[in-house]
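Coordinate analysis (summary)
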Amino acid sequence: MIDPKIKKAIDAAFKYIKPVNPNNIEPIKGEIFTVFDSELKFLQKVKALDEVFNSNPKLENLREVFFDLLLVNFFSADVKKLDEDYLDSPEWEKIEEQTLDRGTEMLNVLLYLNECEDEDIDPELNDYLTEFLLVDEDEFQDEHRIYEPVIANQILMDSGIEEIGNVARKLPEDEEIKELFYPMMCFFYDTNPSQETKDLCAENAVDLEFDMPVLAIMLNFN
């Protein structure tokens, strides 16, 4: 099964994805949809998805982003076919251990957007940081450390896309959130942007072939 929001997000991302051969774009997207929609077990889907990316090295920068999508799809669609307490089972615990080093912080954004939908609230950066990630709580200092550049630059929500790009470029290379900083901040800056704003995001992107697919995923998942 594939969640409709996931399908919409992938379709949107592929408008910005450029493989070596432009004619391959639809076949590659089709392969990814086949993996997501298959009846394979989760780790088998991970392996199948990795094979798609192994065959398309130009898309390597998006491998872990699509792992996030695969995981969210599992939570929202695949898990419905499993036992009610599957996510508390030893089998799932083992899967979590085997995939600890996979994915990106985009996963948290997507899970937050699901929560916003459930609670009928609009996504907002401070709410994401303090109410969802709980970065102010002592027991969540890992999240505080990871998101420190975001926490310190919340004023960018009152600035502009160009300034978000300027700050993103100056972040130290060793910041864990560096790669996602620009698309994440652009998303929270305007969660329902006009085409003009999207064009501005593209003009100021730090890494166009990463930033815009990721931004498109978040905007269309929302």
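Procedures and definitions
Residues numbered from 1 in each chain as written. Predicted model: local features only at pLDDT ≥ 70, side-chain atom pairs only at ≥ 80, totals over all residues. Heavy atoms only, no water. Buried < 20%, exposed > 50% of the residue type's maximum accessible area, 1.4 Å probe, protein only. Helix = DSSP H or I, 4+ residues; strand = E, 2+ residues; numbered from the N terminus. Contact = heavy atoms within 4.5 Å. Polar contact = N/O pair within 3.5 Å; in protein donor to acceptor, adjacent residues only side chain to side chain. Salt bridge = Lys/Arg side-chain N within 4 Å of Asp/Glu carboxyl O. Phe/Tyr/Trp six-rings, centres within 6.5 Å; stacked < 30°, edge-to-face > 60°. Lys NZ or Arg CZ within 6 Å of the ring centre and 35° of its normal.

Along helix α7 (residues 125-132), the residues that are buried comprise Leu125, Asp127, Tyr128, Leu129 and Thr130. Elements in contact with the buried residues of α7: α6 (106-119), α9 (148-152) and α11 (178-189). Its side-chain oxygen 3.2 Å from the backbone nitrogen of Asn126, Glu124 forms the N-cap of α7. After α7 finishes, the residue Leu134 shows a positive phi value of roughly 55°.

Inspection of the entire model under this criterion finds 13 salt bridges. For Glu209, the salt bridge goes to Lys58, with nearest N and O atoms at 2.7 Å. In this pair, Glu209 sits in helix α13 (residues 208-221) while Lys58 sits in the loop between α3 (42-54) and α4 (63-76), placing the two residues 151 residues apart along the sequence. Take Glu209: its relative accessible area is 33%, and that puts it in the partly exposed class. On the accessibility criterion, Lys58 (35% relative accessible area) is partly exposed. With a shortest N-O distance of 2.8 Å, Arg63 and Glu60 are connected by a salt bridge.

Evaluated as defined, the whole model comprises 17 aromatic pairs. Considering the side-chain rings of Phe42 and Trp92, the 5.7 Å spacing of their centres and the 65° angle between planes classify their relative orientation as edge-to-face. Pair noted here: Phe42 is in helix α3 and Trp92 is in helix α5 (residues 90-98), with a separation of 50 residues, a long-range link. Taking 4.8 Å as the distance between ring centres and 5° as the angle between the ring planes, the aromatic pair formed by Phe74 and Trp92 counts as stacked. With Phe74 in helix α4 and Trp92 in helix α5, the pair connects residues that are 18 residues apart, well separated along the chain. Both residues of the pair, Phe74 and Trp92, belong to the buried class. In this structure an aromatic cluster arises from ring pairing among Phe42, Phe67, Phe74, Phe75, Tyr86 and Trp92. Here Lys5 stacks its cationic end above the ring of Phe221, 4.2 Å away from the centre of that ring. Note that Lys7 overlies the ring of Phe33, its terminal NZ or CZ placed 4.8 Å from the centroid.

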